[in-house]
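Residues per chain are reported as follows:
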Amino acid sequence: MDLAYLWFFIVGFLFVGYFVLDGFDFGVGMSLPFLGKDDISRRQIINTIGPVWDLNETWVIVAGACLFAAFPEWYATLFSGFYLALLLILLALILRGVSFEYRHQREGLKWKRGFDRMIVIGSAVPAFLWGVAVANIVQGVPLDADHNFTGTLLTLLNPYGLLGGLTTLLLFFTHGVYFVALKTDGQVHDDARRLATRSGLATLVAAAAFIVWTIANAIGAGAPLITLVVVAALIAALALVGSIVANLRNREGWAFGLGAVTVVFAVLMLWFALFPNVMPSTTDPAHGLTIANASSTPYTLTIMSWAALIFLPLVLLYQGWTYWVFRKRVSRSRIEQAAAVAH
Amino acid sequence: MDLLDPLLLARWQFGLTTLYHFIFVPLTLGMGLVVAIFQTAWYRTGRVKWLHLTRLFGKIFLINFAMGVVTGIVQEFQFGMNWSDYSRFVGDVFGAPLAFEGLMAFFLEATFLGLWIFGWDRLPKGAHLATIWIAWAGASLSAFIILAANAWMQNPVGYKMAPDGSRAELVDFWAVLTNPVALATFPHTMFAAFMFAAAVVIATAAWHLARRQNIEMMRSALRFGMWGMIVAFVGVFFAGDQLAIVMVETQPMKMAAAEALYQSACGANASFSLFTLGTPDGSSELFSVRVPYLLALLSTHTLNGCVEGINDLNAQYIQQWPQFADKLGGDLPFSPIIWVTYWSFRWMMGLGGLAALISVVGLWLTRKNAKREVPQWAWKVAIWSAPLPLLASLVGWVFTEMGRQPWIVFGLMLTQNGVSPNVPGWQVLVSLLAFTAIYAALAVVEIGLVIRTVRKGPDPLPPPGDGSDDESDRELADVPTTVY
């Protein structure tokens, strides 16, 4: 098999990893105004992702780097084309990342509330815009003969793109709230479970509409992997329903796990729908980018394949171990104790 | 000058965001090593002063670490956003090291740093110590690979041009990794990072010693910092010397630009000017202090060596690349901006040398049998000299990147041909302004927090047993973990 096809799926795997991991980070951040009734509970929520948010965010850097190396044309077209959307994502990620670090450095409600707000905005903006971006990649955008994007930010904010953004926003939110329920105790935990049921149902509505639209688009475009698109869509939908049921039955681990399965298969559905294109053009199909015309040389792909083959399993191993090390719930009493030691 | 010129704006943005990112790089590389050494000392000796120092400098490390991650994402996105034609042209070669860096090093660094920061009461002592060393090793590997990618832009190797000339294609990845420019740049950059970390340690210790606080631990920190500074300076010096030799072979124009040497010169005439008053564009020189032979020695390691001047090199390049010369226009199309290269080269060496000199004086003043106490002004100098090695590194980068101009990849692609053709100037301007504003605001917060942490000094440790919420974890360190 041509290595470029393998790399289409390795890049997909990396974006799946990123959306599963940073996705629930975004959800945890967005849940602050709903679940964080006082400073202790807000700290409880933030500390659920304290040791892992940065390794989760690392996935976007690795996914971006592999996209650059394996598909330079795709990387160049996407990043220059979606300029303002990516700029907003970058600014949001910067504000969010530093807020985690800065908010606990000083006492004082004003200081802390300022950073809380930045965490919420910094989580919501990328959660929404990543959905808009991926939906537009799959749907296609106007490209010229040099593969350069000829639209504007408003081109991306079309109905399908907006629905994609809404879906990821709600899905990441729900997934994050499952995580909060899994990793906390007391009031925050109870509130999270109630909130997850409501947001889960809202996600289901948006996701169902997005899935139907995606499948219809894929059929219309004659996607060669249409069977896989439908199978992935069904698994994503079933997993989402399953996660809501698990949450209702107080099975937090299952709810979170099935939430992750939903994200995995939702991204896979989009990847299957995209295949064998990587950036279809809505102006002239001949201007579009495909796996074949966007990829690097076989030599580059070969050495990268070796690197991925050796290092990706290692990465999964030590990151999995990290989650195991920090498996304990973040209890309210632990935060209270830490607050007492500090002052 | 067109204020909405995307090329100009994209270059300013790259310069600004890259220099800003590089504030955090030496803190990770240098401070990571310092913290790892302090923690190892604690692990081996069990002396509590080393634990205090580990925790104190670990906190400074932590304040910076989020900034390092998030400003790093900007770096990677920027190639595609502002420099899409560059990305299309070099992606096959330049992308591979970035991907390797992510897969091999960056994941490792980020994951194990998280384990170190939050793992104090979760991991056995030895395993916890290992996490900081692994994170540091990941950071160093990452630095090497990124420098190899940069070195390829300075001295492209291991590639061939695609038959249609549309892109450079990788043919020998090993050659890219063993690029002589990369091999010389890596130790130069690493030792410079150690110098900055040492300067921060020295300044912190000086602040406390000037106030007679935490005397025993801060004396250890001070001696460690000053010796570290001198060792690191020796490393920077020799690596830089090697880098100059490689530079003369691969980018002679950059060396000529560093000295503003317009006419080729040999031996005594290849002098090095320490200082020039007047216009360093060669048209008129009012006053200068010159060391004969030094430029020849620097460039060729021989006293009688010859150094090519800007005019000769320019004429040679016009012959070699007529198509690029036409595009660039002007009398000296292949010359960088001389006053930038000339002065950045001197500031780099001057600031770095001054930092090392201060440590030499400091070691003399604080020697064991010193008769008089260290005067207050000396502590002040030690505190205020903390940024010197960082500034030296930053102007060093200005030199190495501005000295490569007008090329984005030496001999292969002009900077003006790398910029994204479809991104309008106002969008680049918006993003430049947004990054400038946010980075400036964050710098204020950041510096404020670091100074506060330094002044507060080491936290008191709780009585044994209180640190962990699980009494059965006996083998764990009795140290409270970080909590956001």
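Each remark here, short or long, concerns the structure printed above.
Residues numbered from 1 in each chain as written. Chains lettered and ligands numbered in written order. Predicted model: local features only at pLDDT ≥ 70, side-chain atom pairs only at ≥ 80, totals over all residues.

> Lay out the overall build of chain B in plain terms, naming residues and giving numbers.
Per the secondary structure count, chain B includes 15 helices and eight strands. For chain B, the C-alpha radius of gyration of 24 Å lies close to 23 Å, the compact-globule estimate for 484 residues. Overall, chain B is about 75 × 55 × 40 Å in size when its C-alpha atoms are taken along their principal axes. Within chain B, buried positions represent 52% of all 484 residues. Contacts in chain B between residues at least 24 apart in sequence constitute 75% of all its contacts with a sequence separation of at least 6. (Helix = DSSP H or I, 4+ residues; strand = E, 2+ residues; numbered from the N terminus. Rg over C-alpha atoms; globule rule 2.2 N^0.38 Å. Buried ≥ 20, exposed ≤ 12 C-beta atoms within 10 Å, placed from the backbone. Contact = placed C-beta atoms within 7 Å.)

> Residue-level account of helix H15 (residues 425–456) of chain B, with values.
Its 32 residues give H15(B) an end-to-end C-alpha distance of 46 Å, which sits within 8% of 46 Å, the value for a rise of 1.5 Å per residue. Here H15(B) has its buried residues at Gln427(B), Val428(B), Ser431(B), Phe435(B), Tyr439(B), Glu446(B) and Val454(B). For H15(B), the secondary structure elements touched by its buried residues are helix H6 (83–103) of chain A together with helix H1 (6–45), helix H2 (48–82) and helix H6 (180–210) of chain B. Once H15(B) finishes, Gly457(B) follows within two positions and takes phi at roughly 75°, a positive value. (Expected span 1.5 Å × (residues − 1).)

> So what's going on with the packing of H1(B) against helix H4 (residues 125–154) of chain B? Residues and values would help.
Residues and elements named next belong to chain B. In the contact formed by H1 and H4, the axes pass within 10 Å of each other and the chain directions differ by 155°. If you check the angle between H1 and H4, you find them roughly antiparallel. The handedness of the crossing between H1 and H4 comes out as left-handed. Across the interface between the two elements, Thr28, Leu29, Gly32, Leu33, Val35, Ala36, Gln39, Thr40 and Tyr43 of H1 pack against Lys125, Leu129, Ile132, Trp133, Ala135, Trp136, Ala139, Ser140 and Ala143 of H4. Broken down by class, the residue content of the contact of H1 with H4 amounts to 12 nonpolar, five polar and one charged. (Axes fitted to C-alpha atoms, helices over the stretch in contact; angles between N-to-C directions. Parallel < 35°, antiparallel > 145°, perpendicular 65-115°, else oblique. Left-handed = near helix turned anticlockwise from the far one by under 90°. Nonpolar A, V, L, I, M, F, W, Y, C, P; charged D, E, K, R; others polar.)

> Account for H4(B), with residues named and values stated.
Over its 30 residues, H4(B) extends 44 Å from the first C-alpha to the last, a length consistent with the 44 Å expected when each residue adds 1.5 Å. Of all 30 residues making up H4(B), 21 are buried, and the element is well covered by its neighbours.

> Report on the interface of chain A and chain B, specifying residues and quantitative values.
The partner chain B presents 59 residues to the 64 residues of chain A that form the contact. Listed by contribution, the elements that provide at least two residues to the side of chain A that touches chain B are helix H3 (39–49), helix H4 (53–70), helix H5 (72–81), H6, helix H14 (298–325) and helix H15 (332–342) of chain A. Considered class by class, the residues forming the side of chain A that touches chain B number 42 nonpolar, 16 polar and six charged.

> Account for the nonpolar core, with residues named and values stated.
Counting 289 residues, the largest nonpolar core has Cys66(A), Met269(A), Met195(B), Ala197(B), Ala199(B) and Ile202(B) as its most contacted members. Among the elements that take part in this core, helix H3 (residues 84–118) of chain B stands out by supplying 22 residues, more than any other. (Core = buried A, V, L, I, M, F, W, Y, C linked by C-beta atoms within 7 Å.)

> Please give an account of unusual backbone geometry that cites residues and values.
The step from Phe275(A) to Pro276(A) runs through a cis peptide bond, and the omega angle for that step is -5°. With an omega of 5°, the peptide bond between Gln405(B) and Pro406(B) qualifies as cis. Among the structural elements, Pro406(B) can be located in the loop between helix H14 (388–402) and strand E7 (407–409). Although it is not a glycine, Asn250(A) adopts a positive phi angle of roughly 70°. Looking at the secondary structure, you find Asn250(A) in the loop between helix H11 (226–248) and helix H12 (252–274). You can call Asn250(A) exposed: it has 10 C-beta atoms within 10 Å. Of note in this structure, Asn214(B) is not a glycine but carries a positive phi near 45°. On the secondary structure map, Asn214(B) appears in the loop between H6 and helix H7 (215–250). Residue Asn214(B) is classed as partly exposed on the basis of its 18 C-beta neighbours within 10 Å.

> Before we move on, could you go through the environment of Asp5(B) and cite the residues and values that matter?
Residues and elements named next belong to chain B. By the element assignment, aspartate 5 lies in the segment before H1. Residue aspartate 5 is classed as partly exposed on the basis of its C-beta count, with 14 C-beta atoms lying within 10 Å. Spatially, the C-alpha atom of aspartate 5 lies 42 Å from that of cysteine 266, the residues being 261 residues apart in sequence.

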